[in-house]
Amino acid sequence: MTDYNLSHLEELESESIFILREVAAQFEKPTLLFSGGKDSIVCYHLARKAFFPANVPFPLMHVDTGHNFDELYEFRDKLINETGARLIIASVQESIDQGKVTEEKGLNASRNKLQTTTLLDAIESNKFDCALGGARRDEEKARAKERFFSHRDDFGQWDPKNQRPELWNIFNGKKNYGEHFRVFPISNWTEMDIWQYIKKENISIPNLYLTHKRKCFVRDGVIMAKTDFIDTKPSEEIKEMQVRFRTIGDATCTGAVSSTASNIDEIINEVAATRITERGGRSDDKRSEAAMEDRKKEGYF
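Okay, so let's go over this structure.

### Details of the overall build of the chain
Logical step 1: A tally of regular secondary structure across the chain gives eight helices and 10 strands.
Logical step 2: Against the 2.2 N^0.38 benchmark of 19 Å for 301 residues, the chain shows a C-alpha radius of gyration of 19 Å, consistent with a compact globule.
Logical step 3: Seen through its principal axes, the chain has C-alpha atoms that stretch 60 × 50 × 40 Å.
Logical step 4: Across the 301 residues in the chain, those meeting the buried criterion constitute 53%.
Logical step 5: For the chain, long-range pairs separated by at least 24 residues make up 72% of all intrachain contacts whose partners lie at least 6 apart in sequence.
Logical step 6: Of the roughly 15,000 Å² of accessible surface on the chain, 48% is carried by carbon and sulfur atoms.
Logical step 7: Averaged over its 44 positive side-chain charges, the chain has a centre that lies 1 Å from the centre of its 50 negative ones.

Structure (structure tokens):
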């Protein structure tokens, strides 16, 4: 007799796998955006389960700012080699070299916003009609406005007021030539769900998520890792700190947290106790009250 009493994580997994299969059925040339962060790692794991024993039927694409942590690059390349995935790297540095974007200057300079142009160019040049992403609704208020299937016009832009209903898990991927969709299979997951699923499935993650010692400094109340990509003020003291990262992105805008969590169980306990949002240490979200929504309207993830 079949047991239909699925656990919470099994229900989320089933929903995500259904969406991934819908993408494969409805779109001619999708891609999975892969940053090497925990959410994209879980999305890739779900995709492998969705199409097993066949290979994932679409490539992964990393929009690389060139300012990521070395540990992330090492993890990405190791995972790709082990699983045999197809990887496309869209380079922000190439966009800068080609004069398509202008690199920011100054102490708070970041390449994070420049990813939008690189992403849209890569979608157009590869003729992708769908880009899967690991965004979750609980991350940020603009993320919460997204549907599973998020339509983008022929300029790659998002209109939060013009989204399609998704009743009874019926997804409408119809589009005009030049338009595409962003699809978010783990929209309904929370940060806690992600970590509990990583534990349940024994999924490998970059060691950046676990406690480690790193040279850091504090800027505007946020712990920042000292890298070659970010300048410090004379008043900002650089010292070795025991930290980990809750979210991983461009090193110039990703804050760390003081932590002694050395395994997944300890991370889960930390997440359960914290009152600060996951992206509370992301300086790119602090540029304005609607920073994320503005970037999304322009074509950001």
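### Section: the packing of aromatic side chains
Logical step 1: In this structure the tally under the stated criterion is 11 aromatic pairs.
Logical step 2: Aromatic side chains Phe27 and Phe181 sit 5.6 Å apart centroid to centroid with 50° between the ring planes, which places their arrangement in the tilted category. Highlighted residues: Phe27 in the loop between helix 1 (8–26) and strand 1 (30–33) and Phe181 in strand 6 (residues 180–183), separated in sequence by 154 residues.
Logical step 3: Ring centres of Trp195 and Tyr209 lie 5.4 Å apart, and the angle between their planes is 80°; this geometry places the pair in the edge-to-face category. With Trp195 in helix 6 (residues 191–201) and Tyr209 in the loop between helix 6 and strand 7 (212–219), this pair connects stretches of sequence that are 14 residues apart.
Logical step 4: Accessibility expressed as a relative area gives 0% for Trp195, which makes it buried.
Logical step 5: Members of the aromatic cluster, each reached through a chain of ring pairs, are Phe18, Phe27, Phe148, Phe149, Phe171 and Phe181.
Logical step 6: The lysine or arginine in question, Lys29, covers the ring of Phe128, its NZ or CZ lying 5.7 Å from the ring centre.
Logical step 7: Here Arg137 stacks its cationic end above the ring of Phe148, 4.9 Å away from the centre of that ring.

### As for the pairing of strand 6
Logical step 1: Going residue by residue along strand 6, you find His180 and Arg182 tucked away on one face and Phe181 and Val183 tucked away on the opposite face as well.
Logical step 2: As defined by bridge partners, strand 4 (residues 130–132) adjoins strand 6 across three bridges and the pair is classed as parallel. What sits directly across from Cys130, in strand 6, is Phe181.
Logical step 3: The pairing of strand 5 (residues 149–152) with strand 6 spans four bridges and is classified as antiparallel. By the bridge assignment, Arg152 is partnered in strand 6 with His180.

### Here we look at the pairing of strand 7
Logical step 1: The pairing of strand 7 with strand 9 (residues 239–244) spans five bridges and is antiparallel. Paired with Cys216 across the strands is Lys239, a residue of strand 9.
Logical step 2: Of the pairings in the sheet, the one linking strand 7 to strand 8 (residues 222–225) comprises four bridges and is antiparallel in character. Its bridge partner lying in strand 8, Cys216 is registered against Ala225.
Logical step 3: Between strand 7 and strand 8, which pair antiparallel in sequence order, lie two residues; one of them, Asp220, sits at a positive phi of approximately 55°.

### Some words on the side chain of Thr65
Logical step 1: Secondary-structure assignment places Thr65 in the loop between strand 2 (60–64) and helix 3 (70–83).
Logical step 2: A distance of 3.0 Å separates the side chain of Thr65 from the backbone nitrogen of His67, its partner in a polar contact.
Logical step 3: Here the side chain of Thr65 touches Asp250 through a polar contact of 2.7 Å, side chain to side chain.
Logical step 4: Aside from chain neighbours lying at most four places away, what touches Thr65 is Val92, Arg111, Gln115 and Asp250.

### So, the environment of Phe58
Logical step 1: Looking at the secondary structure, you find Phe58 in the loop between helix 2 (38–51) and strand 2.
Logical step 2: For Phe58, a relative accessible area of 2% gives the class buried.
Logical step 3: In sequence terms Phe58 and Thr211 are 153 residues apart; their C-alpha atoms lie 34 Å from each other.
Logical step 4: Those residues in contact with Phe58 that sit more than four places away from it in its chain are Leu20, Pro30, Thr31, Leu32, Ala47, Phe51, Arg86 and Leu132.

### Some details on the environment of Ala54
Logical step 1: Inspection of the secondary structure puts Ala54 in the loop between helix 2 and strand 2.
Logical step 2: Sequence separation between Ala54 and Asn188 is 134 residues; the distance between their C-alpha atoms is 26 Å.

### What about the sheet that holds strand 10 (residues 255–258)?
Logical step 1: With antiparallel pairing, the four strands of this closed barrel are ordered in space as 7-8-10-9. Averaged over all pairs of adjacent strands, the angle between their axes in this sheet comes to 70°, without regard to strand direction.

What counts and what doesn't
- Residues numbered from 1 in each chain as written.
- Predicted model: local features only at pLDDT ≥ 70, side-chain atom pairs only at ≥ 80, totals over all residues.
- Heavy atoms only, no water.
- Helix = DSSP H or I, 4+ residues; strand = E, 2+ residues; numbered from the N terminus.
- Rg over C-alpha atoms; globule rule 2.2 N^0.38 Å.
- Buried < 20%, exposed > 50% of the residue type's maximum accessible area, 1.4 Å probe, protein only.
- Contact = heavy atoms within 4.5 Å.
- Areas by Shrake-Rupley, 256 points an atom, 1.4 Å probe, with all protein chains shown as cover.
- Lys, Arg positive; Asp, Glu negative; His and termini not counted.
- Charge placed at Lys NZ, Arg CZ, Asp CG, Glu CD.
- Phe/Tyr/Trp six-rings, centres within 6.5 Å; stacked < 30°, edge-to-face > 60°.
- Lys NZ or Arg CZ within 6 Å of the ring centre and 35° of its normal.
- Pairing = 2+ DSSP bridges.
- Polar contact = N/O pair within 3.5 Å; in protein donor to acceptor, adjacent residues only side chain to side chain.
- Axes fitted to C-alpha atoms, helices over the stretch in contact; angles between N-to-C directions.

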